[in-house]
There are 2 protein chains.
Amino acid sequence: MNPKLQWLRNKMSSLDLQGLIISNPINIKYLTNIEAEGVLLLTRKENIYITDGRYIEDVHSTLTLFDEIIVYDVHDVSKDDYENFFMFCENVGFEESYVTYADYKEFIRKYKINNLVETEKIIEKQRMIKDEEEISNIQKACEITDNCFEYILTYIKPGMTEKQIANEIEEYYRQRTDGLSFETIVASGENTSKPHAVPTEREIQEKDIITIDMGCKVNGYCSDMTRTFFVGDIPEEIKKVYDLVLKNQTQTQEAFKDGVSTRILTKMVENDFKLNGHDLIHSLGHGVGMEIHEAPYISYRTDTQLKENMVVTNEPGIYIPGKFGVRIEDTVQITKFGCISLTKSEKNYIII
Amino acid sequence: MNPKLQWLRNKMSSLDLQGLIISNPINIKYLTNIEAEGVLLLTRKENIYITDGRYIEDVHSTLTLFDEIIVYDVHDVSKDDYENFFMFCENVGFEESYVTYADYKEFIRKYKINNLVETEKIIEKQRMIKDEEEISNIQKACEITDNCFEYILTYIKPGMTEKQIANEIEEYYRQRTDGLSFETIVASGENTSKPHAVPTEREIQEKDIITIDMGCKVNGYCSDMTRTFFVGDIPEEIKKVYDLVLKNQTQTQEAFKDGVSTRILTKMVENDFKLNGHDLIHSLGHGVGMEIHEAPYISYRTDTQLKENMVVTNEPGIYIPGKFGVRIEDTVQITKFGCISLTKSEKNYIII
């Protein structure tokens, strides 16, 4: 059996689960490499993937005998089959944070399950720790992102629109990667005050501030980086805010290491922002992997200890409504004694 | 109050709901134009949207006084506020097909709700019937799709890769629309046997069969069209299958009108395919609107009566594993006495 499924079966034993229903397609891809619509069932003795005619051929070509996964076409699965899958299972786990309430009720009906049990993101928690291959993919995505940013700095000229710049980034990524890991943010002037700005037809002007938040995918793994930079000159008012954001981004980078609490990291930045009259209005960071946003979340809401080989972002930002905003973000690998920044673009004042 | 929220409040009265929690961002956009992360609460007397600092500015600039929506920053909402929102509400509705089981439990805890009630997709059902503005947006998206297809037929040459063609389509759309409504499918040769093929580095050859499934978004509304066509010549074996698919696509188009059963439509095609030794391995079609796949679903699984001003696809297909596949798809507006095909590209043999 493939090692990830083997790991999961061991985990099931320790949780006293005799069966497990996995619905989240990203978790299914992580465990099996299958990219399709369907459900993965771990029954007492078998690993079963149920999909439909659109995907059967493709799923068969993805799997090897070594995976030990039996594939069914949903049209060939009878009412009795469903009821037999988890027969004699006392506890069957499901993904309560992915499965809708409607599907939860349907599972109980269809599989005749007595005890459908919450599994508290066991797979997502495992996904937080990246193996060598995963890190290598993220590294490549980050390297291409650095190169793209270097290129885009030479490309941008006053008169171009935000949309035009975003398109150029997308084109760069498309030629070299599996595509974007999220919709590129190119915000200029007062648009930078919106953390989630969508590129507009606004034209870049002399003395503009520009924020670009960008990332791509390599072999299914994401990169994520933000830089705020300037055309011609940096106004004094913005410089102060930039320095404060950069100082906190650097301090966080220096604090990142195995064992550190995500809540304390966030508090540190929040406090320093408050002392200077500003707020931290979004998370300090998030995990990056097969999803652009995944566990662990670095905010005051949840407390997680960072662990070796987690890959997370570090992205403090300050936004002055109607005026401007500054955000600086890197994708970072946590190590035993510190961290390695996987995105490496310049963070001191960039003026084009 | 805006007419869509007013409609929903009337609906709530008729269902004896004193409160409603709307979580699906597409439904929120449909009702309010807000594009953000947050939740819309209809309480006894107020419409409340709770979001976070990243979106506050943007949400305020989207809404007008006329909307009668009060916006809160999630950080300013206390435990007591949550418990007060639905105080004295007997029944509070939620979206059981969107909300996860974990969130369902969290709703009960956080809002102290006694009776959290399933609402059976009331908003999605309303979204099935498009108004004039919605149809006009879909029409534009379809027109640009027809133009893009006409252009791409002149662009394709033997030696090009599937990816290259998909990129050209994307570029065409990006210059003229809000972007893709889904990842473009360009499949050639035996890759056409996979209904959900992803573009590969395979090069187009003389005498190839090519399937392109494509669509874009205009003002947030989608188009969807598929054509299967040929390089130089059509092999006799494929011609037979093509004729059978086209015959059924045409017959479905002729059968589409207000009042017709989606299950019977699907059965008709299934039967004719079976008589000729083939299967219909996917749905015959689906609704198109703000989402590329939305209600109604045209398959044997559910039975819906088509209604005037629904917009749906008509996309029969036949796939011979390892050999080839043929699919022909239009986006179609249902009318009182028939239907209007919004995509209008040629469906008889296309040979480039």
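Just above sits the structure.
Residues numbered from 1 in each chain as written. Chains lettered and ligands numbered in written order. Predicted model: local features only at pLDDT ≥ 70, side-chain atom pairs only at ≥ 80, totals over all residues. Heavy atoms only, no water.

### Looking at the side chain of D330 of chain B
Residue and element names in this part refer to chain B.
- Within the element layout of this structure, D330 appears in strand β17 (residues 330-334).
- Under the relative-accessibility criterion, D330 is labelled buried at 0%.
- Looking at D330, its side chain comes within polar contact range of the side chain of K347, at 2.8 Å.
- The contacts of D330, once residues within four sequence positions are left out, are D224, M225, R227, Q249, Q253, V312, T313, N314, S341, T343 and K347. (Helix = DSSP H or I, 4+ residues; strand = E, 2+ residues; numbered from the N terminus. Buried < 20%, exposed > 50% of the residue type's maximum accessible area, 1.4 Å probe, protein only. Polar contact = N/O pair within 3.5 Å; in protein donor to acceptor, adjacent residues only side chain to side chain. Contact = heavy atoms within 4.5 Å.)

### Thoughts on the sheet that holds strand β2 (residues 39-42) of chain A
Residues and elements named next belong to chain A.
- The 6 strands lie next to each other as β4-β3-β2-β1-β5-β6, forming an open sheet whose pairing is mixed. The outermost strands of the open sheet, each flanked by one partner alone, are β4 (69-73) and β6 (116-118). For this sheet the average axis-to-axis angle between neighbouring strands, irrespective of direction, equals 25°.
- Here 3 bridges tie strand β5 (residues 92-94) to β6, and the two strands are oriented parallel to one another. Counted as the bridge partner of F94 is E118 from β6. (Pairing = 2+ DSSP bridges. Axes fitted to C-alpha atoms, helices over the stretch in contact; angles between N-to-C directions.)

### Re the pattern of salt bridges
- Scanning the entire structure with this criterion turns up 50 salt bridges over all chains.
- D58 of chain A is the partner of K194 of chain B in a salt bridge, and the nearest nitrogen-oxygen pair spans 3.3 Å. Separated into two different chains, K194 of chain B in the loop between β7 (185-188) and β8 (209-214) and D58 of chain A in helix α3 (residues 56-62) make up a pair that spans both.
- The salt bridge involving E37 of chain B is made with R54 of chain B; its shortest N-O contact spans 3.0 Å. Of this pair, E37 of chain B sits in the loop between α2 (25-32) and β2 (38-42) while R54 of chain B sits in the loop between β3 (47-51) and α3 (56-62), and the two are 17 residues apart along the sequence.
- Relative accessible area serves as the criterion here: at 45%, E37 of chain B is assigned to the partly exposed category.
- Judged by its relative accessible area of 17%, R54 of chain B is buried.
- Through salt bridges with shared partners, a single ionic network connects E170, E171 and R174 of chain A together with E170, E171 and R174 of chain B. (Salt bridge = Lys/Arg side-chain N within 4 Å of Asp/Glu carboxyl O.)

### Some thoughts on the interface of chain A and chain B
- Listed per partner, the contact involves 30 residues of chain A and 30 residues of chain B.
- When chain A packs against chain B, close to 2800 Å² is buried across both sides, 51% of that on carbon and sulfur atoms.
- When the area that chain A buries against chain B is broken down by residue, the three leading residues are R54, Y101 and R174 of chain A, summing to 25%.
- Two residues, K105 of chain B and E118 of chain A, come together in a salt bridge whose shortest N-O distance is 2.7 Å.
- Linking chain A to chain B there are 24 residue pairs in polar contact (both at pLDDT 80 or more). (Buried area = accessible area lost by both parts, 1.4 Å probe.)

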